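# Inside the fold
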Amino acid sequence: MAITRRQFIRRTGLATAGTLLGPSLFASPFVRRAFADLGDRYLVVIFLDGGNDGQNTVIPVDDGSGTLRADYEAHRFAGGGGIRLTPAQLASTLVGTDPNTGAQLALHPGFIGLKHLYDQGSLAVIQGCGYPEYSLSHDEARTIWQSANPLRNGTLAGTGWVGRHLAATYGGSQIPGVCISDEIGADFRQSTTSVLAINDLENFGFPWDGYGSDEVAKAAAFSSLYASAAGGPVGSTQAFLGTAGAATLTSTNSYPALHGNYVADRPSFNQAYADIDRSVAYDLREVAKIIYGVSSGAPGVTSRFFRLSNGGYDTHSDQGGATGQQYDLHREVGDSLEAFYADLTDMGVADKVLTVVWSEFSRRIEQNGSGTDHGSQGPMFVIGGPTALNGGVYGNHPDIHEDRLENDGNTTYRQSAHPYRSTDFRDVFGTILKHWLNMSQPQILSNILIPDPIAGEYWNVSNFDMGFLP
Amino acid sequence: MGDQNSVLTQADARHLLRRAGFSATRKELTAAGITGQTRGAAADKLLNYKIKTFKPGGKDQQKQHDSLLRYLLVTKTPVQEKLTLFWHDHFATGITKLLAMNYGAATKLMAAQNKLLRTMARGDMRALVKAIGKDAAMIEFLDTVRNDKSIPNENYARELMELFTLGVFDSAGNPNYEQQDIVQIARAFTGWRYSDNGKSYFDEGAHDFNAEFSGDRGAKRIFTTVGQFGPGGRLFDANGEGAIEIDTVVDIIFEHRDTDGKNTVARRTARRLLEFYVGPDDGTPAGKAARLALIDDVVAESSFDTTFSVQALVRAIFCNDAFYATAQPFGLGVTKSVKWPIDFAIGSMRLLGMKFAGSNKYIPGGSYTGILTHMENMGQILLDPPSVFGWDWETSWLSSSTLLARYNFARDIVAARGGGRFRPDKVMDMSLTDPGDIVDAVLDALDVAQNFSSDDRQVCIDYLTTDGPPDLGDYNYVNEKLHGLFELVMKSPAYQVF
């Protein structure tokens, strides 16, 4: 399903609708064969919408050989409105040490669920992820991450990084991806194959007026109208509508049954998500239902790529410390992921499912009242069964020393060798594309993640072997 | 080039009503009396509406939402409402955050903002931007209420430039402002507060005055490297300090010029209004260039870059060839625009002469699903946009999930039989016998004939005659096949666009 890069068009006038990655780029059968080697794996992408405060997500507990803890305490105050997390509050969520300074690191106490996954070797914490010339606009930053295209290279316009992988690997009649949402996430956008948006499987049936017995004739006419629209110009609104409607009609025949099967077969896991009772838990449960269906051979269901988001991270005020807003957010995501992986483990597929968690930016180290303003680099998380990945801490903590912050108060993106070298988020995506989705590095670099065409502190040298995947 | 002296055909007139408001029924077309008039006269007739000051009531979110939708269904000034909707998306403020921050006052604040947008919709945009900065709902929504001299909060200053006026980049791809400009402008908005009755006021004690802060923060200077103000930029305390800074900042922003030397706010606003009323460009380099030329054309035609009169700008759009060019079927080289969920829902109800029923405003005789739930499923809850970015337009409206929600809505309409609430006989001639004539009548009633290709029309004819020739005098035939045809057309790709 194609998507226009509307946010850019509408807000900046830069890119254009329908500048889509057409099928010609992937027309070579050789290329397609070489790419199609996912095996029985799945990928889940989770977006923390609003700019998660990374500085209070992966926190230095001590200084190590540097001054990270002292710098942290210099900016984040204790007491009324303060959001500082003390070593005592962090004692139950310790993870590894910072690769650069050796400082002991801890997750926010709300991430007790992720701490449990970490202890099982199922969590990779990747610090300091960002990109050159970071944007502090939610919309622009979100677009940059989802398109994996900070410098707005025209050939990538209108598509997302997962979408380009799907376009390279799947054909027009396939439905390889599902967004648990009303809309297709921009990271899944492309124009070659179909991605569904499903809020809940149970209510994904196709509605016809029940008078008489005319559904077959109506469905046939519906299919004709949508097939004719789908034949419109690639990337057009017409073609988009056509493929979207056709895929919807098809999948409404196969997806709703997944709900009943799961509920009947897995009552205790079904209940575990309900006990958390947060939208992210329910969304992950829908993913679990589909994975359960695919892995048990349910007919007409082949999706292996999933996306969901969780909102509320724009904590300009009342962010909270060891309790409060950010605690609640981390608690719901961490607990839900823990329940999800327990479910997958029981299904026997935990080592086949990789989850990547990202946010469009982090937040400023200096507090502003009881909250924080938009910032630059932040941590990402990659989660998988114990043999799926190499758990641990990757990437350096950003340099938060007062004298070395940018003029706007944010940490600096650094691509070249440096003790506080940053991690470009494209290296994380590239490592997943190469080691999880089995794309070759040259193919990734030519079609999916294109290096910045500028020298200096830009992303010129890729590292798709970050080590968190075997 | 636009031509205000071109005479409107009936098809043109119907297109104008369809895009300027929510629907173009035969009745509305006759009442408007614009067929045969010039584009300029017709645009004036529509845009010189008598300003209504409706304020959506209701004690909770659902009641307030439903009150607004009921108003849209019955309004006699749809042109004013469509413009109000544009500004609601532009200055997107959501009640969810207001409920979280100030539960007791939330609906009151939203009602006041909605009325403000409605009354100022076609006026001076500069005045509107000044007013929205002092609007209580906005003061809460973008944290101006927490913007204090001790640490200026950047939220409103950023969105003022990124979303409300300049945009991040200009048409040539160059940045319109820098982070430093956001930091400085945030100072101008320090001290604005509101009371729960919806009135805002200026608290001098919370304001950043130069006497206290110029040492740390420098002069109140912005746009030193952008906007073509020269190396000194502009001082936003030039007219004095205090409450007036908020107006001075807006005046400066409206003088900002892009790298082509054009007024930045004028170009960006024209681009958005063209996308709203005409649709996206076709995405090709030539299409992009043509769109920019069209933007400059309507700005010049309306002098929007000096008067900032929204009415003049929209009039120029309604007089332009580009506006009338999209009323054709798919595949004829035009880029169609996807109906917003509110257009789909309210437009369909208006076209079929239907009314809501019950306390949750369901479609009578349908599934009893309330209109708020329908709208939520389709992806657009008025008064509660997903974020300050408003809604994502065009194909972003469409996914398997939101399409199913539209299909559900269409199903509910044709299933509304109890008491004859959906009455085909009220919108078409029931004495027709030829299947082609019946299809044409249904397409006309749903105001979608212009989007249907001859192949698509034939699909409808084939459907109508699956079980033999049509018989509109037969109760079962009407309920099964004629209702089915209305359902099919409302679910068709061509009906999702306009």
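Please read these numbers as outputs of a predicted model, since none were measured by experiment.

Before going further, it helps to examine the overall build of chain B. Assigned secondary structure in chain B consists of 25 helices and four strands. Overall size of chain B, expressed as C-alpha extent along the three principal axes, is 85 × 50 × 40 Å. Among the 498 residues that make up chain B, the fraction classed as buried is 61%. Long-range contacts, defined here as pairs at least 24 residues apart, represent 71% of the contacts in chain B between residues at least 6 apart.

Residues and elements named next belong to chain B. According to the stated counting rule, one finds 43 aromatic pairs over all chains in the structure shown. A ring pair is formed by Trp340 and Trp393, whose centres lie 5.3 Å apart and whose planes are at 50°; its orientation type is tilted. Pair noted here: Trp340 is in the loop between helix 18 (321-324) and helix 19 (341-351) and Trp393 is in the loop between helix 20 (371-378) and helix 21 (400-414), with a separation of 53 residues, a long-range link. Its relative accessible area of 5% is what places Trp340 among the buried residues. Positioned over the ring face of Phe22 is Lys82, at 5.5 Å from the centre of the ring.

On to a positive patch on the surface. A cluster of like positive charges, contributed by B:Lys27, B:Lys50, B:Lys52, B:Lys76, B:Lys355 and B:Lys426, occupies part of the molecular surface. Relative to the helices and strands, B:Lys76 resides in the loop between helix 4 (61-74) and helix 5 (78-90).

Time to look at the confidence of the model for chain A. Confidence in the prediction of chain A, expressed as mean pLDDT, is 88, and 91% of residues score 70 or more. Low pLDDT (under 50) marks residues 1-37 of chain A, which in the prediction has 127 contacts with non-local residues, meaning those over four places away or in another chain.

All right, on to the pattern of salt bridges then. Residues and elements named next belong to chain B. A complete count under the given rule lists 54 salt bridges over all chains for this structure. A salt bridge links Arg14 to Asp447; its shortest N-O distance comes to 3.2 Å. Of this pair, Arg14 sits in helix 1 (residues 10-20) while Asp447 is found in the loop between helix 23 (435-445) and helix 24 (454-464), placing the two residues 433 residues apart along the sequence. Here Arg14 falls in the buried class, since its relative accessible area comes to 7%. Owing to a relative accessible area of 8%, Asp447 belongs among the buried residues under this scheme. Two residues, Arg158 and Glu154, come together in a salt bridge whose shortest N-O distance is 3.3 Å.

This part is about the interface of chain B and chain A. On the side of chain A, 66 residues touch chain B, which itself brings 73 residues to the contact. With both sides pooled, the region where chain B packs onto chain A buries about 5,700 Å², and carbon together with sulfur makes up 56% of that total. Across the pair A:Arg364 and B:Glu154 runs a salt bridge, and its minimum N-O distance is 3.0 Å. Across the contact surface, chain B and chain A share 17 residue pairs in polar contact (both at pLDDT 80 or more). Every element with two or more residues in the side of chain B that touches chain A is listed here: helix 10 (155-164), helix 14 (264-277), helix 20, helix 21, helix 24 and helix 25 (475-491) of chain B. Sorting elements by how many residues they give to the side of chain B that touches chain A places helix 25 of chain B first, with ten residues.

Now for the confidence of the model for chain B. On average, residues of chain B score 94 in pLDDT, and 99% of them are at 70 or above. If you check the scores for this complex, the pTM reads 0.81 and the ipTM reads 0.93.

Within the secondary structure layout, A:Asn199 lies in the loop between strand 7 (195-197) and helix 7 (215-230). Judged by its relative accessible area of 33%, A:Asn199 falls in the partly exposed class. If near-sequence neighbours (up to four positions away) are discounted, A:Asn199 is found in contact with A:Ile180, A:Ser181, A:Asp182, A:Glu286 and B:Ser401. A polar contact is formed between the side chain of A:Asn199 and the side chain of A:Asp182, at a distance of 2.4 Å.

Moving on: the side chain of B:Arg272. Residues and elements named next belong to chain B. Relative to the helices and strands, Arg272 resides in helix 14. We classify Arg272 as buried; its relative accessible area is 2%. Within the structure, the side chain of Arg272 is placed 3.0 Å from the side chain of His90, a separation counted as a polar contact.

Residue and element names in this part refer to chain A. Counting buried residues along strand 1 (residues 42-49), seven of its eight residues qualify, which places the element largely inside the surrounding structure. Two strands pair when backbone bridges link them, and strand 1 and strand 9 (residues 353-359) are joined in this way by seven bridges, in the parallel orientation. Bridge pairing in strand 9 links Phe47 to Trp358. Two strands pair when backbone bridges link them, and strand 1 and strand 8 (residues 305-311) are joined in this way by seven bridges, in the parallel orientation. Within the sheet, the bridge partner assigned to Val45 lies in strand 8 and is Arg307.

Another aspect to go through is the environment of A:Gln89. Residue and element names in this part refer to chain A. Along the polypeptide, Gln89 turns up in the loop between helix 3 (68-75) and strand 3 (94-97). Looking at Gln89, the relative accessible area reads 34%, which means it is partly exposed. When the C-alpha atoms of Gln89 and Arg426 are compared, they prove to be 33 Å apart, with 337 residues separating the residues in sequence. Within polar-contact distance, the side chain of Gln89 engages the backbone nitrogen of Thr86 at 2.9 Å.

A few words on the nonpolar core. Among the nonpolar cores identified, the biggest contains 274 residues, and A:Tyr255, A:Phe340 and B:Phe486 are the most heavily contacted of them. Per-element accounting of this core gives the leading share, nine residues, to helix 11 (residues 279-295) of chain A. Residues within four places of A:Tyr255 in sequence aside, it is in contact with A:Ile175, A:Val178, A:Leu196, A:Ile198, A:Leu201, A:Phe204, A:Ile290, A:Gly300, A:Val301, A:Thr302 and A:Ser303. Core analysis: the second largest hydrophobic core is formed by eleven residues, A:Ile59, A:Leu68, A:Ala106 and A:Leu405 among them.

It is worth spelling out the sheet that holds strand 3 of chain A at this point. Residue and element names in this part refer to chain A. Strand order in this open sheet of three strands is 2-4-3, and the pairing throughout is antiparallel. Where the open sheet ends on each side, the last strands, each with one partner, are strand 2 (58-60) and strand 3. Pairwise comparison of adjacent strand axes, ignoring direction, gives a mean angle of 35° for this sheet. Relative to strand 4 (residues 104-107), strand 3 runs antiparallel, the two sharing two bridges. Residue pairing for strand 4: Thr97 is matched across the bridge by Gln104.

Scoring rules and cut-offs
- Residues numbered from 1 in each chain as written.
- Chains lettered and ligands numbered in written order.
- Predicted model: local features only at pLDDT ≥ 70, side-chain atom pairs only at ≥ 80, totals over all residues.
- Heavy atoms only, no water.
- Helix = DSSP H or I, 4+ residues; strand = E, 2+ residues; numbered from the N terminus.
- Buried < 20%, exposed > 50% of the residue type's maximum accessible area, 1.4 Å probe, protein only.
- Contact = heavy atoms within 4.5 Å.
- Phe/Tyr/Trp six-rings, centres within 6.5 Å; stacked < 30°, edge-to-face > 60°.
- Lys NZ or Arg CZ within 6 Å of the ring centre and 35° of its normal.
- Patch = residues over 30% accessible without salt bridge, like charges linked within 9 Å, V, L, I, M, F, W, Y side chains within 5 Å.
- Areas by Shrake-Rupley, 256 points an atom, 1.4 Å probe, with all protein chains shown as cover.
- Salt bridge = Lys/Arg side-chain N within 4 Å of Asp/Glu carboxyl O.
- Lys, Arg positive; Asp, Glu negative; His and termini not counted.
- Charge placed at Lys NZ, Arg CZ, Asp CG, Glu CD.
- pLDDT = per-residue confidence, 0-100.
- Buried area = accessible area lost by both parts, 1.4 Å probe.
- Polar contact = N/O pair within 3.5 Å; in protein donor to acceptor, adjacent residues only side chain to side chain.
- Pairing = 2+ DSSP bridges.
- Core = buried A, V, L, I, M, F, W, Y, C linked by side-chain atoms within 4.5 Å.
- Axes fitted to C-alpha atoms, helices over the stretch in contact; angles between N-to-C directions.

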